[in-house]
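Inside the fold
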Amino acid sequence: MLPDIAPVRDYFMMLQDRIVDALEPIDGATGFRREDLPGPKGALSRPRVLEHGAHIEKAAVQFTHSIGTSLPPAATERNPHLAGHGFQAAAISLIVHPRNPFVPTTHANLRFFIVEADEPMWYFGGGFDLTPYYGFEEDALHWHQQAREATGQHYPALKRACDEYFYLPHRQECRGIGGVFYDDWTEGGFEAAFEFTRAVGDHFLPAYRPIFERRMDTPYGERERDWQLYRRGRYAEFNLAIDRGTKYGLQSGRRVESVLASMPPVATWKYAYEPEPGTAEARLYSDFLPPRDWLGIGE
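Residues numbered from 1 in each chain as written. Predicted model: local features only at pLDDT ≥ 70, side-chain atom pairs only at ≥ 80, totals over all residues. Heavy atoms only, no water.

Counting through the fold element by element, R111 comes out in strand 7 (residues 105–115). On the accessibility criterion, R111 (15% relative accessible area) is buried. There is a polar contact of 2.6 Å between the side chain of R111 and the side chain of D183. When residues no more than four places from it in sequence are discounted, the contact partners of R111 are F12, A90, A91, Y123, F124, G125, G126, F181, Y182, D183 and R244. (Helix = DSSP H or I, 4+ residues; strand = E, 2+ residues; numbered from the N terminus. Buried < 20%, exposed > 50% of the residue type's maximum accessible area, 1.4 Å probe, protein only. Polar contact = N/O pair within 3.5 Å; in protein donor to acceptor, adjacent residues only side chain to side chain. Contact = heavy atoms within 4.5 Å.)

As structure tokens, then:
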């Protein structure tokens, strides 16, 4: 028997509300635009978008419950036997693009699929990752400690999966310092897998909020802003060229404004640019973007 999607849907909506309610006072000036967009057969989209804030230049915290007759190709390329079958999917995804270059960008998503195939199946997936513009050991350690606390013994494998997924092969560099990432998760049965997914969701704010609040008032100038916009270009490249979530949203016919709400509001590209050796910008490449065993536990 397939599990009921209702408790997962309820948890994802509750988590969306919790994250929105936490980010608004951090920004302190601008609230989220809230929309509820019902779909056929009980489907629902709940976009939450903040723009032009005092400390958050843009944030999107999205919930969707989709019901369809066939999964988009982005969802079946790893599992082609699921193509052409009815499905339900509940998901929460978020992105925060801070205004201060010393505050890292972050992304998280959690998802749950039920597929009515010849052998019906369900699975969870998701994770969270961090994309700094300037590297701080203290922040990286805190982020990965929270990731390990959320995932326990699975942390080394999921940290490795995150490093491998959030990678730009055309640049031969990771997007950021990683986190945890998992797919097709059914470990221990539905209740255990759902509990695991809740642990990941519940650790997002404890992982990100202290870093944001620690760096949000750091003085910066034109140099740091230029570097932030340049590095945001990498984020845009990944989302448009590689990310399965973006492809899934576009292929599924979802509202394009919601799908592309994760894009940075401003980004730049420079031809053949390299930061000066020995600078903080150069250290991002040498010390932070290459995958590291941040917690010293072995991988």
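Next up on the list: the packing of aromatic side chains. Taken as a whole and assessed by the stated rule, the structure comprises 30 aromatic pairs. Taken together, a centroid distance of 5.2 Å and an interplanar angle of 75 degrees make the contact between Y182 and F196 edge-to-face. Placement of the pair is Y182 in strand 11 (residues 178–185) and F196 in helix 5 (residues 190–202), with a sequence separation of 14 residues. Assessed through its relative accessible area of 2%, Y182 is described here as buried. Ring plane angle 55 degrees and centroid distance 6.3 Å describe the contact between W227 and Y273, whose orientation is recorded as tilted. A residue pair is termed long-range when its members are at least 10 positions apart, and W227 in helix 7 (residues 222–241) and Y273 in the loop between helix 9 (256–259) and helix 10 (280–288) qualify at 46 residues. Connected via pairs of aromatic rings, a cluster forms that spans Y11, F12, F112, W122, F124, F190 and F194. Directly above the ring of F288 sits R292, whose terminal nitrogen or CZ lies 6.0 Å from the centroid. Geometry around W294 places R292 over its ring, the cationic atom sitting 3.8 Å from the centre. (Phe/Tyr/Trp six-rings, centres within 6.5 Å; stacked < 30°, edge-to-face > 60°. Lys NZ or Arg CZ within 6 Å of the ring centre and 35° of its normal.)

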